[in-house]
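# Architecture and fold: a report
Okay, here's what each chain looks like letter by letter:
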Amino acid sequence: MASGYIEIDEELCKGCELCTTVCPKDLLEMALDRFTPKGYHPAELVDPEGACTGCAICSVICPDAAITVYRFVPAEKAGVS
Ligand code: SF4
Ligand code: SF4
């Protein structure tokens, strides 16, 4: 299984919650303890066990392009020796 992680740009996130509805691993939550500069609760990755696969579904659905996805590729598949 591939692994990955995401970064959410809180300058761009408008707290619409869409990403929280599509993650197959249910790893996205709204951070109710803080606000973005624009006054929204931002989404955040809650992944203590490293379950994110880097599938990018959250990034595709985000209307504000606030999510950057990083996916780890084994060195042999990446052509690195
Ligand atoms: S990349 Fe996939 S698994 Fe990771 S947080 Fe986004 S939707 Fe969930
Ligand atoms: S879909 Fe994008 S704008 Fe909406 S809560 Fe998630 S990161 Fe924020």
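Residues numbered from 1 in each chain as written. Chains lettered and ligands numbered in written order. Predicted model: local features only at pLDDT ≥ 70, side-chain atom pairs only at ≥ 80, totals over all residues.

This part covers the overall build of the protein chain. The helix and strand inventory of the protein chain stands at three helices and four strands. For the protein chain, the sequential pattern of α-helices and β-strands runs β-α-β-β-α-β-α. Each of the three principal axes of the protein chain carries a C-alpha extent, and together these read 45 × 20 × 20 Å. Out of the 81 residues belonging to the protein chain, those deemed buried represent 19%. For the protein chain, the share of sequence-separated contacts (at least 6 apart) that also reach a separation of at least 24 residues comes to 70%. (Helix = DSSP H or I, 4+ residues; strand = E, 2+ residues; numbered from the N terminus. Buried ≥ 20, exposed ≤ 12 C-beta atoms within 10 Å, placed from the backbone. Contact = placed C-beta atoms within 7 Å.)

What follows is about the site of ligand 2. Around ligand 2, the surrounding shell holds 13 residues, and the nearest of these are Cys13, Cys16, Cys19, Ala43 and Cys62. Its residues placed into classes, the shell around ligand 2 shows nine nonpolar, one polar and three charged. (Near = placed C-beta within 6 Å. Nonpolar A, V, L, I, M, F, W, Y, C, P; charged D, E, K, R; others polar.)

What follows is about unusual backbone geometry. Among all residues except glycine, the phi angle is most often negative; among peptide bonds, the trans geometry is most common. With a phi close to 75°, glutamate 17 is a non-glycine residue in the positive phi region. If you trace the backbone, glutamate 17 turns up in the loop between β1 (3–8) and α1 (18–22). The partly exposed category is assigned to glutamate 17, around which 13 C-beta atoms lie within 10 Å. In this structure, aspartate 26 takes a positive phi of about 55° despite not being glycine. As for its position among the elements, aspartate 26 is in the loop between α1 and β2 (28–30).

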